Structure formats: structure tokens, C-alpha cells
Amino acid sequence: MSENLLSLLNDSQKSAAEHIDGSLLILAGAGSGKTKTITTRLAYLISIGIDPASILTLTFTNKAASEMRERAFSMIDQASINTPPLLCTFHKFGLLFLKFHMSELGRKGNFIIIDTDDKKRIIKSIDKEITTSLLVSEISKYKNTLMSPAEAIAGAELKLYQQIALVYQKYQEYLLKNNLVDFDDLLLLPYEILKKNEKLAQQVSQKYQYIMVDEYQDTNELQYRLLRLLCATHNNLCVVGDDDQSIYGWRGATIKNILNFSEHFEGTKVVKLEENYRSTDTILNHANQLIEHNRDRLGKKLVGTRAKGDSIKVYESHDENEETRKIIDDIKALLDSGISAKDVAILFRVNALSRSLEEGFNKAGLNYKLVGGMKFYERAEIKDLIAFFRILTNSNDNFSLKRVINKPKRGIGKTTIDKLEAKSIQTQKPIFDLIQEFSADELAAIVGKKNSRTLKVFEASIMDLKDILTESKMKFLDAFEDTFDYRASYDNVPDGFERQGNIDEFYGYIRDYFMQNPHLELKDFLNEIALESENGEYNNEAISMMSIHASKGLEFKNLFIIGLEEGFFPLTGDGADIEEERRLGYVAITRAMDNLTLSFVHSRFYKGKRAILQKSRFLSESGLIKGSLTIEKQSNFKKGDLVQHKIFGMGRVQKATKAGKDYKLTINFGGTKRDILSSFVEKS
DNA sequence: GTACGTCGCACGTTA
DNA sequence: TGCGACGTAC
């Protein structure tokens, strides 16, 4: 069986897959069969008798984890193994670890994971002077470089940074007090525990004898340190990555990890995978040209294995509406020719660019799915429900309680919540206990008579629901709705219909979960969804739209990349890193298998105004602007065309003369003739 | 003290 | 366009 497995690999892939002991660095170019290689290695290790439970594979995204799981498991004889190998995201691994070992830090295991939105709220409530986004990213940086609040305060020289470090300290205190854990903590806390408890570190390292890491170029300092501890007793670490695809610098990823891997881990074997099986030669050629403009790289050139293929198209449009029209026309033609929607995707650097596409697709009646973007569990109505359910499983959860104490509106405002919170700090008791233990009169002395009554009713409802939940998991959702009318609170409000749809879907999901897992409880469900971020739709009949970041690791036969304008792609502005932008360009182009179309516009509506834009330098750097390309001509105007003007409305062109890039048009607007430049009208 | 309406401004990528 | 800040009416 093991020989069979390896026979599907080329020589380099094979030498990587059959490497067993010691550190291994696989430098894998885009489309070089990276996933195939490490999933085969996983299956190979099992096939030669290594205990599956001793193999740990870490990825960055759930998508990558599930794809690998699927591919690896299809190669493994399932019946022959007891425990499947652990294959999950870094964060999921951290979560699993913390569930067992949180007590090492003197904290309870019923902690709650907060998301980015929660984090922002907490930080904003601590400090309103400094921009929240700066605070969020600086705090994240501290954590990812293992700096404690005390160290951050001591090390801060600038006044601004002293203040930021203080916010960091208060934020940490808040998390601790409410037993909250942010995304960074899912890695940081396990590290702290392992660092503190050497014996435990040895045990864990012994447990996972073989560790593999996907997308190693995107690891940060903290992940590196954690990995060191995990493989301290064996050095069996196999990482796969591509320095040219490092696109998470802003999240603390340091390309140094992959560049210095051989120095970090003694006796490293290096395997390079440079043969690309994905894209046509034309696509690879332009991708290579682009990335060659970067200086900071190990240096590697993708070699094609496919035919030359069609040339890359570049669309030039006046604005986003024209861009959308062209793309939709192309996509319709593709679909008409029998191509499946799942083989078509549109990428953009900035999520906001999806709006005009979505409008266009809706009008044209084309199915699309927006990958990434607003996640299902990030929707306010879903987060509310999760908060409610968390209180049912743990009424000490002040954080969740505050979120829903006034939902649906019951007259409990900010002032009342502040008073309750102050009392909670003073008495060292959770808010819920205060409401429960204080008599109505005592409570009224703090928040007034009316609020006291409201809070008592709320408390009683929660207690009732708790009882119902213990009695019957299947009944409690109906009881919850009977009590709070949460779903009905979205009747006749804007977006209400859509939100109710989400609520129904969520309820359905919970019921299904209990049906599938009769022995599990609500708290298990809540734990499980904490790190899920997929937006749930798996519609093969839909065209995908996503950010380039979200497209990492994916491939599409027919690909469109829009927004190739300076300022959008590359994104400039402060903190921008042109080399990382270029790597993003490289990632984007190398997602394409057969057909690639790039598009830029002269103007875009963004941040409330229309901006005039220059075409992206990446077009010339990749050799697309001069040479073998087909530049799509700007729309022609001729006599008889119907056009639309923002002020004058619809009119018919009577005369059109070329004037530079534009046309000078004489247009008849309902009897009034006007001379207008073509850039001010749209064809209709 | 809370709810609700209006205005003005922002939209960089993610576990 | 969607959200938060702010002011005002109850």
C-alpha cells in the first residue's frame, strides 16, 4: 500500500513524503502539489505503522484543514486505525489544549472565545481617544511577540505607546475577570502553560511525535515558539510553505520563520517543489515576471507542465459599472458554453469592491456566493442568540449577559448596565447573581423600581429556560421563543426578513446537532462553533467572489481579478508593504488554471466619493501592459446610442467625435441638445 | 434614562 | 450604503 501511495508523486514530492525523522522544509511553489505531498506523507506515515494519534497537522484555515482531512483520509484504510490523526487549525489546537489545561493558569475551563468584533468593543470601552484599530493591532502585536503588559509598559518610550500599553493592561485585566479568551490567546496561553510546566511540555511533545505545518510562511513569532516546544523532544517537524506567498505580515506573520528554518531546526532537509501542475505557461510566465520584482525572497521559479494556453485578457473600463457589465457578459458566455459556475471566480484586494459586482449579479440573475465577508456567526442576531445560550449554560457570563440584557428591548439602558457592573465589581459577584440574590427592593435601590422589576422577570425567565433545557434539549428552542419573542422582534424592521432567515437557519442547525449527537449538550454545541467561520452555503451552482486572502490555496479554471488600480491593488496608505502586495498579486494570478482576466477602471466610488485612479503597476511589472495582451477598447460612442447622464437623464447621441481618450458628444436630452464629454455619461 | 431619528463619515486583508 | 455618534422627544 505504501508504495502505491508514493507512486502518484514526482521525485521531489516523493522524497518529501517519505522523509520520516528530523526536520523537513518543503518549499512548494504555487500549484506544485503541496497539499498532495503532505497529505500523502500523512497517509504514508500511517501506512508504515506509525500511530495516527501521534501525528499532528496544523493549518491556518478551516477550509484547508477540511480539504486535507478529506484527501488524507481517502488514502487511509479507515478501518485499520483507532484514533484518527489530529488535523486542525492552529487556533483549534490551542482551544483543545486549553480545554484540558486552562487550570494551569488558575483559570476555569469554561472560558469564552471572543471574536474581533467583541475585542473592538471591549477596547473601545477602555479607551476612546486612540483609534480602536490601532489599539487592536498593537495589542495583537504584543501578544504575538510574547510581550506582557508590564513589559509593554516598561518598553514604551513614546507617550502614545505608553498609553497603548496601559490599554493593553486594562484589556488583559478585563479578559481575565470575565474569563474571556481572544484569538491570540488561543496560541499565547498554551505557550505560557507549556513554558511554565516543563513536565507537561515533555508529555505533549511526546504525544505528538510527528508534526506537520501548512503555509509555514504565514506563521508568527508565537507560533514558531509554540512549535519549538511541541517538537522539543523529537525535532520531527515538517513544514510546507512558499516565501512568495506570504501575505499575512499585517497579522504578525514573519517571513523570517521560513527563511531561517534550517537554522532554527538542526539537520533540516530541504525539498523544493517547483513544477507547477495548475496553470498554463502563459499564466505562470506573467506570475513569475511579477514576483521577480521582489527582492526579499529565497528565489525560485515555477516551471510549467501544461501547454501555453490562451493569453491573459486585460479589461479597461470607465468605472465599476462598466467593469461589472463586461465581466457579467463574459461569465454568461462561459456558462452558456457549458462551463460550470463552480469553475468561475472573481477576486479582489478589498472586500468593498464586491458591492457593485453583487448588484450586477443580482440584476443579471446570476447565482454567486461571497466567500468570507460577513460570516454567519458574526451576524448580530446570531451573536445575540449565542449570548443567550451561553447564559443558559453559564449565568456567570457577564459579557454575554450585557449583550442581551436589553434584547429584545425591555428598557434596560446603558446607565442601568453601568450601575449593575459597578455593583458587580464592588461585590465580586456576577451580574446575574446580583439580580438573583438581591431582593426586589435592594435591586430597586440600585437601578430604580421599574428596572428592578424588569430584571427580576428577565432572571426568572432565564431560570425557567434552564430547567426546560435540562428537561429537553429539543423543546428549549420553542420555549426560548415563547419567552423572549426574539425572532418576532425582527418583524417589520429593515433587513428583518433576512435576519429571521438566519435565525431559522441557526435554530435548524442546533436541532440538527442535537439530533445527530443526542448525548451532547448545548455547551458542547457552543464550544464547537466558536472557531467556525464558514458561511455555510455550499452551492456548486454559484460563482465565487472573494478577497485574494480568502482565495489562498484554491484554484479556478476561469478567473477574474478586478480592481487593478494604484491605491487598491497595490493598496498603498500607511503600513502598506509593496512586496507583500506583490506577493498578493502573485497569489491571485497563480489561482488561475486556464483563463485569466484582469480588470482596471478609471474611476471608482469608494468611501463616499468617486476617485480617479491610475492603473496598477502590477500590470506592467507582470508584462501584461505591453506585449501579447488584448487590451479591451474603451466603449465606443456613435450616433444613435442611448446614454444616461446623472443630471440630465436619458438622451440620444446625435454626434460623436473622438477627443483624446474620450468622445465629445452632442446629445439630445428630451429636446435640449447639449455637448457632453463621454466620460460623464453611461451607455444604457 | 431610554428610544429613536438624523446626520456625517468610513471601507485592509483573517483565525 | 451602513454604522456610530449625537441630539431630542417621551
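Residues numbered from 1 in each chain as written. Chains lettered and ligands numbered in written order. Predicted model: local features only at pLDDT ≥ 70, side-chain atom pairs only at ≥ 80, totals over all residues. Heavy atoms only, no water.

A. Molecular detail of the UniProt feature "binding site: ATP" (unreviewed entry) in chain A. Listed under "binding site: ATP" (unreviewed entry) in the UniProt record, and renumbered for this structure, are Ala28, Gly29, Ala30, Gly31, Ser32, Gly33, Lys34 and Thr35. Turning to its location among the elements, Gly29 is positioned in the loop between β1 (24-28) and α3 (34-47). A relative accessible area of 3% means that Gly29 is categorised as buried. In contact with Gly29, not counting residues within four places along its chain, are Asp242, Gln245, Leu273, Lys300 and Leu302. Note that Thr35 resides in helix α3. We classify Thr35 as buried; its relative accessible area is 17%. Apart from the residues within four sequence positions on either side, Thr35 is in contact with Glu67, Met68 and Arg71. (UniProt positions renumbered as here; feature names shortened; annotations may be inferred. Helix = DSSP H or I, 4+ residues; strand = E, 2+ residues; numbered from the N terminus. Buried < 20%, exposed > 50% of the residue type's maximum accessible area, 1.4 Å probe, protein only. Contact = heavy atoms within 4.5 Å.)

B. Quick look at the packing of aromatic side chains. Applying the stated criterion to the full structure yields 23 aromatic pairs. On the basis of an interplanar angle of 35 degrees and a centroid distance of 4.9 Å, the ring pair of Phe388 and Phe484 is categorised as tilted. Note that Phe388 is positioned in helix α18 (residues 380-393) and Phe484 in helix α24 (residues 476-484), a separation of 96 residues in sequence. Relative to Phe506, the ring of Phe389 has its centre 6.4 Å away and its plane inclined at 10 degrees; by these criteria the two rings are stacked. (Phe/Tyr/Trp six-rings, centres within 6.5 Å; stacked < 30°, edge-to-face > 60°.)

C. Up close: unusual backbone geometry. Cis geometry is found at the peptide bond from Lys407 to Pro408, where omega equals -15 degrees. Mapped onto the secondary structure, Pro408 falls in the loop between α19 (398-404) and α20 (414-427). Between Phe569 and Pro570 the backbone carries a cis peptide bond, its omega angle lying at 5 degrees. Here Pro570 is to be found in the loop between β15 (556-561) and α28 (578-589). A positive phi angle, close to 50 degrees, is found at Asn179, a residue other than glycine. Tracing the backbone shows Asn179 in the loop between α9 (159-177) and β5 (180-181). You will see that Glu215, though not glycine, has its phi angle at about 50 degrees, which is positive.

D. Fine view of the pattern of salt bridges. On inspection of all chains with the given rule, the structure shows 35 salt bridges. The partner of Glu322 in a salt bridge is Lys326, and the shortest N-O contact between them spans 3.2 Å. Pair noted here: Glu322 and Lys326 are both in helix α16 (residues 320-336), with a separation of 4 residues, about one helical turn. Just as Glu322 is buried, Lys326 falls in that class too. Where Lys402 meets Glu421, a salt bridge forms, and the shortest distance between an N and an O atom there is 2.9 Å. Here Lys402, found in helix α19, pairs with Glu421, found in helix α20; they are 19 residues apart in sequence, far enough to count as distant. One network of salt bridges, with partners in common, ties together Lys34, Asp214, Glu215, Asp218 and Lys552. (Salt bridge = Lys/Arg side-chain N within 4 Å of Asp/Glu carboxyl O.)

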